[in-house]
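Fold and contact review
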Amino acid sequence: MITVLVFTLFFSPGIDDWQTYTNTGYIFDICGNDSILYLATAGGAVKLSVKPGPPRIEQRLFHTDGLRDNRCLCVAQDSCGNVWVGTYGAGLSVIPCDSARAQSYRTGELPTTIKTLFIYGTKILAGTDEGLFVIDTKGTQLDFTDDGIRHFRVSSVRELLSDRVLTLFGFNDYFWIGTNQGVSCVDSSFISWRAFRRPLGDSVSAIAALPSGKIVIGTEAGVAIGDTAGFRTLWFFPSFKTVNDIAVYGWDIYIATRDTVFKGDTTGVFIPVFVGQPLSLWLGEMCWVGSGGSEEAGWGLFY
């Protein structure tokens, strides 16, 4: 059985009694654990309790709650429990773990659109259309004043392949950067770079890791598996598809394309398990699918 949760027209009391009416059923990204999920939606950020008991919304944040923009594209949680939200037109916001309000991160020092986030230790990686930004919080995640920000782009690192960063992933002391020209990897010190141009199709838009130590990447041409030595084709699409997300649980591989979620494994056999408009995946005790639809009336969250 597939269950759907649709979040629409929520309101939140704000400053001076302003109320915000947005649609949170268009879900760009998901992070969390088997108890709490955080959703980046076209209508704000949502904190969802999924255990114990039935799923229930615990918190909704909009621009009236300090969020810099209601159109949230990506979300990630650091080791202290703070939630980082990348927005479409207002940069990066942070929701402290003990607060119901968001804070803006160093306005003007990052691009206004943050498309993807990945957190590794004290580092926050942000992917944009202007390259890769690496924030070193130095262990003080909520003290932004002492942070170091490094900016990597093709003009300074040709192995990055493109300034248009689509997805980020960290695994086995390497960071992987998917772009519209292929995928790059770099060691955790950001010194040694390696590029894989067109490993299978042009745009590497989703990355996940397998228990074997290899990674799985999704492009418009299909799915490939590999590591720092190179990639091989796992599944070649009969026709080009947009890959919105990839998630791995054990040896099971879930792929969210433009209109279908497929489930498969390293044998390269994949079957459809959900038809709709999946944008994001999160795997734990259940498979969660954040869907699209129309941004005015999104289809919600499925599990």
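Residues numbered from 1 in each chain as written. Predicted model: local features only at pLDDT ≥ 70, side-chain atom pairs only at ≥ 80, totals over all residues. Heavy atoms only, no water.

So, the side chain of Ser-93
- With respect to the secondary-structure elements, Ser-93 resides in strand 10 (residues 92–95).
- One polar contact links the side chain of Ser-93 to the main-chain amide nitrogen of Arg-68, over a distance of 3.4 Å.
- Discounting chain neighbours no more than four positions away, the residues touching Ser-93 are Leu-67, Arg-68, Val-83, Trp-84, Val-85 and Gln-103. (Helix = DSSP H or I, 4+ residues; strand = E, 2+ residues; numbered from the N terminus. Polar contact = N/O pair within 3.5 Å; in protein donor to acceptor, adjacent residues only side chain to side chain. Contact = heavy atoms within 4.5 Å.)

Some points on the packing of aromatic side chains
- Summed over all chains, the structure comprises 18 aromatic pairs.
- Between Trp-176 and Phe-231, the ring centres sit 5.9 Å apart and the planes meet at 85°, which makes this aromatic pair edge-to-face. In this pair, Trp-176 is assigned in strand 17 (residues 174–179) and Phe-231 in strand 23 (residues 230–236), connecting sequence segments 55 residues apart.
- Here Trp-176 falls in the buried class, since its relative accessible area comes to 3%.
- In this structure, Arg-71 packs its charged tip against the face of Tyr-88, placed 4.6 Å from the ring centre. (Phe/Tyr/Trp six-rings, centres within 6.5 Å; stacked < 30°, edge-to-face > 60°. Buried < 20%, exposed > 50% of the residue type's maximum accessible area, 1.4 Å probe, protein only. Lys NZ or Arg CZ within 6 Å of the ring centre and 35° of its normal.)

A look at the nonpolar core
- The biggest cluster of nonpolar side chains holds 28 residues, and the ones touching the most others in it are Leu-132, Trp-176, Phe-190 and Trp-193.
- The residues touching Trp-176, leaving out its near neighbours within four places in the chain, are Thr-167, Leu-168, Phe-169, Val-183, Ser-184, Cys-185, Phe-196, Ile-207, Ile-215, Asp-227, Thr-228 and Phe-231. (Core = buried A, V, L, I, M, F, W, Y, C linked by side-chain atoms within 4.5 Å.)

A look at the sheet that holds strand 6 (residues 44–49)
- As summarised here, the arrangement of the 4 strands in space is 4-5-6-7, forming an open sheet in which the pairing is antiparallel. The strands lining the two open edges of the sheet, one partner per strand, are strand 4 (27–32) and strand 7 (56–61). Neighbour-to-neighbour, the strand axes of the sheet open up by a mean angle of 20°, direction not taken into account.
- In this structure, strand 4 lies alongside strand 5 (residues 36–41), joined through 5 bridges in antiparallel fashion. Bridged to Ile-27 within strand 5 is Thr-41. (Pairing = 2+ DSSP bridges. Axes fitted to C-alpha atoms, helices over the stretch in contact; angles between N-to-C directions.)

Notes on a nonpolar patch on the surface
- A grouping of Val-269, Ile-271 and Val-273 is seen on the molecular surface, where their side chains present a nonpolar patch of about 250 Å² in accessible area.
- Here Ile-271 shows up in strand 27 (residues 270–275).
- When its relative accessible area of 48% is taken as the criterion, Ile-271 is described as partly exposed. (Patch = residues over 30% accessible without salt bridge, like charges linked within 9 Å, V, L, I, M, F, W, Y side chains within 5 Å. Areas by Shrake-Rupley, 256 points an atom, 1.4 Å probe, with all protein chains shown as cover. Salt bridge = Lys/Arg side-chain N within 4 Å of Asp/Glu carboxyl O.)

Coordinates in, geometry out; function isn't part of it.
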